[in-house]
Amino acid sequence: MSDGVHTQPDLADGTPYKLTVVCAGDGAAEIAFTPHDAGSTKSVPCDGSVTFERLTGKSSVRLDVQGKPSATGMIVWRINKV
């Protein structure tokens, strides 16, 4: 989990999207967007539950999902146009 998810997806400006994240293991991870107005920072429990977050497409949006200290496990994610 130390690698996390770091991506700059090719999203259409102004288009709504839904981010789906699942973390399986122990501890928690955190979703963060740059710029911050693209989406909210959100905690993701690593208990296998599905977490959703809406975001607005921007050509320069960056998505980071990082495990919190002492978190172990795997993170999977998907972005769908709404």
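Right, let's walk through the structure included here. As the structure is a computational prediction, the values presented were derived from the model and not from experiment.

Rules and cut-offs
- Residues numbered from 1 in each chain as written.
- Predicted model: local features only at pLDDT ≥ 70, side-chain atom pairs only at ≥ 80, totals over all residues.
- Heavy atoms only, no water.
- Helix = DSSP H or I, 4+ residues; strand = E, 2+ residues; numbered from the N terminus.
- Contact = heavy atoms within 4.5 Å.
- Disulfide = S-S within 2.5 Å.
- Salt bridge = Lys/Arg side-chain N within 4 Å of Asp/Glu carboxyl O.
- Buried < 20%, exposed > 50% of the residue type's maximum accessible area, 1.4 Å probe, protein only.

Take Thr-7: it is sitting in strand 1 (residues 5-7). For the pair formed by Thr-7 and Val-21, sequence separation is 14 residues and the distance between their alpha carbons is 14 Å. Ignoring any residue separated from it by four or fewer positions in sequence, one finds Thr-7 in contact with Val-61, Arg-62, Leu-63 and Trp-77.

A few words now on the state of the cysteines. Enumeration according to the criterion identifies one disulfide in this entry. Shown here is the disulfide that connects Cys-23 with Cys-46, its sulfur atoms set 1.9 Å apart. Here the S-S torsion is close to 75°, and the disulfide linking Cys-23 with Cys-46 is therefore right-handed. Residue Cys-23 is found in strand 2 (residues 16-34), and its partner Cys-46 is found in strand 3 (residues 42-56); the two are separated by 23 residues along the sequence.

A few words now on the pattern of salt bridges. Pairs may arise between side chains of opposite charge once their charged atoms sit close together. One pass over the full model with this rule turns up two salt bridges. For Glu-53, the salt bridge identified is with Lys-42, shortest N-O distance 3.6 Å. Accessibility expressed as a relative area gives 10% for Glu-53, which makes it buried. Residue classification places Lys-42 among the partly exposed residues on the basis of a relative accessible area of 30%. Arg-62 is paired through a salt bridge with Asp-64; the nearest N and O atoms lie 3.2 Å apart. We classify Asp-64 as buried; its relative accessible area is 16%.

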